Amino acid sequence: MLTFWDVVERTSRGERMKESDFDAMLYQVVRQVIEKYDIHFDGETAVPSDDGLADRSYQAALELFVTTGFYCTSTRRVVRFTREEVEEAVRHAKTEYVFGEGRERHVMGPRTVEDPEPPTCIFSHLGVPVKQDLFPKVCLAQAQEQYADAFCCVSLHDTFRGIPIKSGHPVEIAACMWDVSKRREAARLAGRPGLGLYAMVSVGESTSSIIAAAHPAFGALPRDVPQVGAVAELKIDYERMNKVAFQREAGIGLAGLYGPLMGGYAGGPEGTMLVQIAHFFLGLLAYDVEYHICFPIDIRETCSTTLPMLWLVSVYCQAIARNSNMLNICTTMAAGGPATDMLFYEMVNGAIAHTVSGAHSVQGGIARDKYPEHIGTLELRLGAETCHAVARSGMPRSEANRIVKEVLARYGDEIHDAPLGKTFSDLYDLERVKPLDFYVEMYEQKKQEMREVGIDYAAIDRPRRRYPVA
Amino acid sequence: MTDFKEMTDAVVRGDAAACENLARKALEAHVEPQSAIQEGFAPGMEIVGRGFEDGTLFLPDMMLAAEAMKAGIAVLEEAMTADQAAANRAGKMVVATIQGDVHEIGKNIVRILMSTAGFEVVDLGKDVKVPTIIDEAEDEMADIIAVSALMTTTMMYMKELIEELSDAGLRDRFKVMVGGAPVTETWAKEIGADGYAKDAFAAIQVAKDLLGAQA
């Protein structure tokens, strides 16, 4: 089986190609496999009950990846693999990941479509900028959420020690070390000292910052994960492979991070869905990953909760779940801001789509991950509860589709001008780090509304069978 | 008689060879080059742009259309006087993904739309150091510096860019536009940028307004 170093060598030997030519080739191959495998979004369905579509999508993505390979921008070469090499990598993919330790130890395994076992639920506001003084409180607010099987928190922004935090600057290193220490401290203050960190650092991108933050002196647990991202679409570079070279020998968890843009180089929902699947093969081969984090985004709306995006998410998740044991975590990227109806609805829809389609779920991006301190946790809580309810109640895809579409009708027309909502300071008692009463009431109203739509939250309290660890 | 619709359609199809051919035919028919651009090629990009906005066309379609239009304009420009060519330009800009950042799709969309809106665009690429951006903008005698970032840690270099321009006595020499996923209008104002656009389409009007051009 190919090793990481075999793939590194191939980055120096592959076909030379201009990056723009690779982009053009990708689009051409995407269109070819879409037609060959009859992959089409019907414009109406959010959560398809179509096993054939899922299986064809997987095969189409496999053929796409074998044809195009991925592109290394550091060497300007295309790296290709045989079908057998890709299938072997998938066969040997890790089928279990353990977040955290002690009583917060959480085992994530592969899921199936309509799996009655709830997904791993991860709370993340990664990307939302927050200043240093508020950062620990926001971390604590997230760590306190009992449905968080792992957490991530926000992105430290602006300055650290009064110095602007810039990539490649010494302050980035210092900020990363502080960042992970504060998140570990938040977990401890929440009474959950062993709670896993899903993204070890929020503010570091360089390999040096990851290495610094990973030192146990700053609180990182061995299986806390700094993610390694692919560049859109199907591209890597040596800076990202540098992280892998360190993490795999240091025993630090390896997770691939892929956010293909619908409307971008892969075209519409069909092509972007196939490229999303293809990234899993890239992650296994180029990054030796143990699990995969996906956050496909609509290039115009900068979210993943429109109808085409929900379809894209559901189909790629079903394809992975039906055809492999790879560990897939999908992220809801929402347009609405905290304490808005829209954000509650978007989190619910993302949760339903992920859960019934066989993925694990990140309750994630809020207000397009753009506006400082626009964070709340109660929408994420409702999302995670929805994950559990959907799984435990045995919701089929057909019912999921009905509910998702009904909820989508309540926010879909407003996505373009999504409300920004409120800030953390508006929503929380900053001394106790507790959500304020009006925010809790809003959460309870939305939960009741979702019960009336058909989500059986009572199913969460039914006795739970032991999760079979692979 | 020149069929401007054929020129429009050639752009929409992304057919560079057809655009070149039709441009030559237009010149042979003594059509004013500016008319051929404004009435023939430009409407094609508008159609493609609208398709991208409403999700029926995608970035590769826009790139093909832009390349096709560029090929046609190159033929027409050979027949323009220097004054005519200058009048056809909305301005000159350098675009770059800022230092430390390798994400360039947004910047590429801006490049395509700006070049088809009449701007001469010099693309400096990604992870471009602040001093390099300034040097290139000076060398190219650009009117606008447009930078994008996808991460909170790299958008801080936008602030550094503006500070460096001020320190070098060049702040008034260039208009600075900023954009990208983590960038907000508030941030742009805070760092003293001249322009901010929430997406590439809005950026065209912002750029034109900054240079005082007609809409």
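Here is what the cut-offs are and how they apply
Residues numbered from 1 in each chain as written. Chains lettered and ligands numbered in written order. Predicted model: local features only at pLDDT ≥ 70, side-chain atom pairs only at ≥ 80, totals over all residues. Domains from an automatic or database assignment. Contact = placed C-beta atoms within 7 Å. Helix = DSSP H or I, 4+ residues; strand = E, 2+ residues; numbered from the N terminus. Nonpolar A, V, L, I, M, F, W, Y, C, P; charged D, E, K, R; others polar. Pairing = 2+ DSSP bridges. Buried ≥ 20, exposed ≤ 12 C-beta atoms within 10 Å, placed from the backbone. Right-handed = clockwise from strand over helix to strand, strands pointing away. Arc of directions from axis to C-beta. Core = buried A, V, L, I, M, F, W, Y, C linked by C-beta atoms within 7 Å.

Novice: I keep staring at the domain arrangement of chain B and nothing clicks. Help me out?
Specialist: Interfaces are often sized by the amount of accessible area the parts lose when they come together. Residue and element names in this part refer to chain B. Domain parsing of chain B yields domain 1 (4–86) and domain 2 (90–210). Taken over C-alpha atoms, the centre of domain 1 sits 26 Å from the centre of domain 2. Each partner contributes to the interface: domain 1 provides nine residues, whereas domain 2 provides six residues. Among the secondary structure elements, those contributing two or more residues to the side of domain 1 that touches domain 2 are helix H3 (33–53) and helix H4 (59–77). A total of six residues in the side of domain 1 that touches domain 2 trace back to one element, the largest contributor, which is H4.

Novice: What exactly am I supposed to notice about the interface of chain B and chain A here?
Specialist: With 20 residues of chain B at the contact, the number on the chain A side is 28 residues. In terms of residues, the side of chain B that touches chain A owes the most to one element, helix H8 (residues 152–167) of chain B, which gives six residues. A breakdown of the residues in the side of chain B that touches chain A according to their chemical character gives 11 nonpolar, seven polar and two charged.

Novice: Is there a simple way to think about the sheet that holds strand E12 (residues 235–236) of chain A in this case?
Specialist: What holds strands together in a sheet is hydrogen bonding between their backbones, with the strands either parallel or antiparallel. Residue and element names in this part refer to chain A. Across the sheet, which stays open at both edges, the four strands sit in the order E1-E3-E2-E12 with mixed pairing between neighbours. The strands lining the two open edges of the sheet, one partner per strand, are strand E1 (15–16) and E12. Pairing geometry for strand E2 (residues 70–72) and strand E3 (residues 77–79), over three bridges, is antiparallel. Across the sheet, the residue bridging to Cys 72 is Arg 77, located in E3.

Novice: What's the story with the sheet that holds strand E2 (residues 119–123) of chain B in this structure? I'm lost.
Specialist: All names here are of chain B. If you walk across this open sheet you meet the five strands as E2-E1-E3-E4-E5, and the pairing is parallel. Taken across any chain shown, the strands that pair with only one partner, and hence form the sheet edges, are E2 and strand E5 (195–196). Bridge count for strand E3 (residues 144–148) against strand E4 (residues 175–179) is five bridges, and the pairing is parallel. Counted as the bridge partner of Ile 145 is Val 176 from E4.

Novice: Where do I start with the pairing of strand E6 (residues 121–130) of chain A in this structure?
Specialist: The side chains of a regular strand alternate between both faces of the sheet. All names here are of chain A. The buried count for E6 comes to 10 of 10 residues, which makes it a mostly enclosed element. As paired strands, E6 and strand E18 (residues 360–365) are joined by three bridges and run parallel to one another. Of the residues in E18, the one forming a bridge with Phe 123 is Gln 363. The parallel pair E6 and strand E7 (residues 150–156) is bridged by helix H5 (residues 135–143), and the resulting crossover is right-handed.

Novice: What is the right way to look at helix H7 (residues 130–139) of chain B in this model?
Specialist: It helps to recall that an α-helix has 3.6 residues per turn; residues three or four apart then point in one direction. Residues and elements named next belong to chain B. Those residues of H7 not exposed but buried are Val 130, Ile 133 and Ala 137. Seen end-on, H7 carries its buried residues on one side only, within an arc spanning 60°. Of the residues in H7, the exposed ones pointing more than 90 degrees away from the buried face are Asp 135 and Asp 139. The elements touched by buried residues of H7 are strand E1 (91–97), E3 and H8. Within two residues after H7, Met 141 carries a phi angle of roughly 50°, on the positive side.

Novice: Even after reading the chapter, I still don't get the nonpolar core, so can you show me in this structure?
Specialist: Side chains of nonpolar character tend, in soluble globular proteins, to be buried together. By size, the foremost hydrophobic cluster in this structure holds 254 residues, and its most contacted members are Phe151(A), Leu274(A) and Cys19(B). In terms of residues, this core owes the most to one element, helix H9 (residues 269–287) of chain A, which gives 12 residues. Here this core gathers at least three residues from each of two domains, domain 1 (4–86) and domain 2 (90–210) of chain B.

Novice: Can you walk me through the pairing of E4(B) in this structure?
Specialist: Residue and element names in this part refer to chain B. Of all five residues that make up E4, five are buried, and the element is covered over most of its length. Alternating residues of E4 divide into Lys 175, Met 177 and Gly 179 and Val 176 and Val 178, and every residue in both groups is buried. Following the chain from E3 across H8 to the adjacent parallel E4, one finds a crossover that is right-handed. In terms of strand pairing, E4 meets E5 through two bridges, oriented parallel. Paired with Met 177 across the strands is Gly 195, a residue of E5.

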